[in-house]
2 protein chains.
Amino acid sequence: MNASMTSGSAPTLEMVAARAGVSRATVSRVVNGSPKVSPDVASAVHEAIAALNYVPNRAARSLASRRTHAIALVVPESTARVFNDPFFATLVQGVGLALADTEYTLSMLLESEAHIDKTRRYLLGGNVDGTLVVSHHTGDHSYANLSRSLPVVFGGRPLDSTERVNHTVDVDNTRGATQAAEHLVERGRRRIATIAGPLDMPPGVDRLRGFADALERAGLSPAGVEHGDFSPASGAVAMRRLLERDPAIDAVFAANDQMAIGAYSAIADAGRSVPHDIAVVGFDDDRYAATAMPPLTTVHQPSVEMGAEMARTLVRLIEGEEVPEVTLLPTSLVVREST
Amino acid sequence: MNASMTSGSAPTLEMVAARAGVSRATVSRVVNGSPKVSPDVASAVHEAIAALNYVPNRAARSLASRRTHAIALVVPESTARVFNDPFFATLVQGVGLALADTEYTLSMLLESEAHIDKTRRYLLGGNVDGTLVVSHHTGDHSYANLSRSLPVVFGGRPLDSTERVNHTVDVDNTRGATQAAEHLVERGRRRIATIAGPLDMPPGVDRLRGFADALERAGLSPAGVEHGDFSPASGAVAMRRLLERDPAIDAVFAANDQMAIGAYSAIADAGRSVPHDIAVVGFDDDRYAATAMPPLTTVHQPSVEMGAEMARTLVRLIEGEEVPEVTLLPTSLVVREST
DNA sequence: TTGAAAGCGCTAACAT
DNA sequence: ATGTTAGCGCTTTCAA
């Protein structure tokens, strides 16, 4: 717009100082919001900044302050493979949104096996002030000890709880499963079975427990428990087995929507209908849930919120605030037509 | 592992120099792969680097070299809203994967309206060496002129071709639509209609053109053209209209899968069946395509590859290489049961 | 081929 | 409340 913008190189703090007639230190104070600057000096500096369209140089700032104002989001390869998992995609969105309100920047690290320690070096090499890690896998110890050298927040589907990982944000899987079971009971169902997830994955364990506890409180016991691997095919297989053992089942809670959809087909194959003969509740509220036939009643995961919460937690951690070791986000039941 | 690692602060280039018995300049040369270093000196330096587990400090490097080795991926808010668009998610994955082979780092900028110029400042403030922008929208001029100050590669669903944007990577929409139309012709269909996308979006235009051209070459003309907005509902409406005008239609090409799915329901409502009465081909090969009933024949978009190509193009641009202004990625037809 | 020296743009004591 | 002065860790002329 104006002449100063046509100058080749970016304006520096020094130029601002000269223009405002103060020292560089003062400009730095103003830029960093130090309280010990007189109002008139501050506004003079602000004017100069605006006039020159000054933007601080990050590299210089990091070098001097030893802080990068960047955080990493590490996506283990196994997760990358399911990158089109809507849950994950939405989580990234939450992270980005939360960070937009801060001075922090997001570095995405898609970890491919070939570069596994490139990632570690990057993280440990002072390139970021902290990191977020999303993992689907229990056995993933690779980042557990990272938290000794760097603020880390785990999230998504967190590690096995036996590992003392410092900070994690998770969805309240247990409570969600309980909501699902209670809903089925309220609908008058009595022979309620479940298609659980793998027991080596925390969500698998928690969702099964929440389900079982709720039934017990209702004075019922599961009409069957079969395990799947969260895939639609495994859901169909599990449903078939459930039906073989007890053809009179009148409801089923699947530990995720994909398995619920698989169950749909097994139910149809058995000549039964949803929800008339068998009510079905899923978990995740993924893209398939709403458009399934019939639309699936399911437990909604607040994924955007989870990403945002992870980001906020990490930022607080970096700034030295006290933060709870684990944050559990509430789920909510979305009632559609499968119950 | 060893004693030096327990030392509080990270090893510096200076420490490496001392240990290798050379100057800092030499270490810098080795680290940066300069050719003018004698082999023995180089290996001594490499040993020292390994022994100390030295990792160069990025901030210092950027400050001195005026390069950041970071690239941004800007996601306009409108796109963020459809973040769970599998196409986009996969594209990000491709970008990440391609970058993993380089020295570059990915900064994700989810742009929220409130911070729109925060993004511009960030990009122009020397925080990145270049940027990738994904956009669904024609009218989005905000980044068009960015390319005057910074290497930029547009991608995904690029801007209106009337804007002279320097570099873009796109899927070959025209060719893809042609493949779809030719397939229908080969299947013996003769009354072929299309549910086109909006004419203010490049994919809408290109897919319609590719379709029409192919029919013309086959000596046919469209049995009908209706426009939708890429949503399933609009696909259903369009299909209904198509059927009203010409009940004898025996095939339809929808400009995306979502509209094809919408068409499915309109076809069913009309008492017709897919593919017996009407063959349907979509475009995108999204998550719904494979699981639709019947599974949808569609044009596959190489989204991972597109992300990777965008990243590679940008890196080349940054390194000063010559790169083509537009790269068109080939699509492929995935034949399933709807034709 | 190697080293010396001068910054890159900023922050953070320390003075004043 | 403001200025002075050192660096932060690296790259890069320029000499040797």
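To be clear, the structure that these remarks concern was listed above.
As a starting point, this report considers the structure included with it.

### Regarding the protein's contact with DNA strand C
No. 1: Lining the immediate surroundings of DNA strand C are 27 residues, of which Leu13, Ser28, Ala60 and Ala64 of chain A together with Ala25 of chain B lie closest.
No. 2: Those elements that place two or more of their residues in the surface near DNA strand C are helix H2 (13-20), helix H3 (24-31) and helix H5 (58-65) of chain A together with helix H3 (24-31) and helix H5 (58-65) of chain B.
No. 3: Along the lines of polarity and charge, the residues of the surface near DNA strand C split into 13 nonpolar, nine polar and five charged.

### Notes on helix H9 (residues 173-186) of chain A
Residues and elements named next belong to chain A.
No. 1: Between its terminal C-alpha atoms H9 stretches 20 Å, which fits the 20 Å expected from 14 residues at 1.5 Å a residue.
No. 2: The buried count for H9 comes to ten of 14 residues, which makes it a mostly enclosed element.
No. 3: Every buried residue of H9 is accounted for by Asn173, Thr174, Gly176, Ala177, Thr178, Gln179, Ala180, Ala181, His183 and Leu184.
No. 4: Remark: Gly188 follows H9 within two positions and exhibits a positive phi of approximately 90°.

### A few points about the packing of helix H2 (residues 13-20) of chain B against H3 of chain B
Residues and elements named next belong to chain B.
No. 1: The interhelical angle for the contact between H2 and H3, taken along N-to-C directions, is 105°, at an axis separation of 8 Å. The angle between H2 and H3 places the two elements in the roughly perpendicular class. Between H2 and H3, the contacting residues are Leu13, Glu14, Val16, Ala17 and Ala20 on the first element and Arg24, Thr26, Val27 and Ser28 on the second.
No. 2: Split by residue class, the contact of H2 with H3 holds five nonpolar, two polar and two charged.

### Some remarks on the relation of the copies chain A and chain B
Relating the two copies of this chain is a rotation about some axis coupled with a shift parallel to it.
No. 1: Expressed as a screw transformation, the operator carrying chain A onto chain B has a rotation angle of 180° and an axial translation of 0.1 Å, and the superposed copies differ by an RMSD of 0.2 Å. Expressed as an axis order, the relation between the two copies is that of a two-fold axis.
No. 2: Mapped onto chain B, 100% of the interface residues of chain A are again interface residues, and the two copies thus contact each other with one and the same surface.

### Focus on the protein's contact with DNA strand D
No. 1: Around DNA strand D, the surrounding shell holds 27 residues, and the nearest of these are Ala25 of chain A together with Leu13, Ser28, Ala60 and Ala64 of chain B.
No. 2: Looking at the surface near DNA strand D, the elements with two or more residues in it are H3 and H5 of chain A together with H2, H3 and H5 of chain B.
No. 3: In the surface near DNA strand D, the residues fall into 13 nonpolar, nine polar and five charged.

### Some words on the packing of H9 of chain A against helix H10 (residues 202-217) of chain A
All names here are of chain A.
No. 1: Contact geometry for H9 and H10: axes closest at 7 Å, N-to-C directions at 40°. Relative to H10, the element H9 lies oblique. The handedness of the crossing between H9 and H10 comes out as right-handed. Facing Asn173, Thr174, Arg175, Gly176, Ala177, Thr178, Ala180, Ala181 and Glu182 of H9, the residues of H10 in contact are Pro203, Asp206, Arg207, Arg209, Gly210, Phe211, Asp213, Ala214 and Leu215.
No. 2: Considered class by class, the residues forming the contact of H9 with H10 number seven nonpolar, five polar and six charged.

### Thoughts on the interface of chain A and chain B
No. 1: Contacts between the two partners involve 31 residues from chain A and, on the opposite side, 32 residues from chain B.
No. 2: Where the side of chain A that touches chain B is concerned, the elements lending two or more residues are H5, helix H7 (86-100) and strand S2 (105-110) of chain A.
No. 3: In terms of residue class, the side of chain A that touches chain B is made up of 14 nonpolar, 14 polar and three charged.
No. 4: Where S2 of chain A and strand S2 (residues 105-110) of chain B come together, three bridges link them in antiparallel fashion. Looking across to S2 of chain B, one finds that Ser107 of chain A is bridged to Ser107 of chain B.

### Overview of the environment of Ile116 of chain A
No. 1: Within the secondary structure, Ile116 of chain A sits in helix H8 (residues 116-124).
No. 2: Separated by 40 residues in the primary sequence, Ile116 of chain A and Pro76 of chain A place their C-alpha atoms 9.0 Å from one another.

### A word on the sheet that holds strand S12 (residues 332-334) of chain A
All names here are of chain A.
No. 1: If you walk across this open sheet you meet the six strands as S7-S6-S8-S9-S10-S12, and the pairing is mixed. The open sheet has two edge strands with one neighbour each: strand S7 (225-227) and S12. Strand-to-strand twist of the sheet, defined as the mean angle between neighbouring strand axes without regard to direction, takes the value 20°.
No. 2: Contacts from H10 reach strand S6 (192-196), strand S8 (251-254) and strand S9 (279-284) within the one sheet, and its direction differs from that of S6 by about 170°.
No. 3: Contacts from helix H12 (residues 257-269) reach S6, S8, S9 and strand S10 (297-300), with the element oriented near 155° to S9.

So, how was this worked out
- In every chain, residue numbers begin from 1 and rise along the written sequence.
- Think of it this way: whatever chain is written first is A, whatever ligand is written first is 1, and the rest follow in order.
- Per-residue local features are limited, in this predicted model, to residues with pLDDT of at least 70; the limit for side-chain atom pairs, both in listing and counting, is 80 or more; totals at the level of whole chains, interfaces and linings are taken over all residues.
- Placing a C-beta atom from the backbone of each residue, we mark the residue near a molecule or strand if the atom is within 6 Å of it.
- Each helix is a run of H or I in the DSSP string that is no shorter than four residues. Each strand is a run of E no shorter than two, and both are numbered from the N terminus.
- Note on residue categories: nonpolar means Ala, Val, Leu, Ile, Met, Phe, Trp, Tyr, Cys or Pro, charged means Asp, Glu, Lys or Arg, and polar means any other residue, Gly included.
- Between the first and last residue of a helix there are one fewer steps than residues, each counted as 1.5 Å, and that sum is the expected span.
- Think of it as a crowd count around each C-beta: if 20 or more other C-beta atoms lie within 10 Å the residue is buried, if 12 or fewer it is exposed, and in between it is partly exposed, with C-beta placed from the backbone throughout.
- What counts as an axis is a line fitted to C-alpha atoms, over the stretch in contact for a helix, and the angles between N-to-C directions run from 0 to 180 degrees.
- We call two directions roughly parallel when the angle between them is under 35 degrees, roughly antiparallel when it is over 145, roughly perpendicular when it lies between 65 and 115, and oblique otherwise.
- Contact between two residues is assigned whenever their backbone-derived C-beta positions fall within 7 Å.
- For this overlay, a least-squares fit was computed on C-alpha atoms, restricted to residues scoring pLDDT of at least 70 in both copies.
- Here is the rule for handedness: rotate from the far helix to the near one, and if that takes an anticlockwise turn smaller than a right angle the crossing is left-handed, while a clockwise turn gives right-handed.
- Whether two strands pair comes down to DSSP finding at least two bridges between them.

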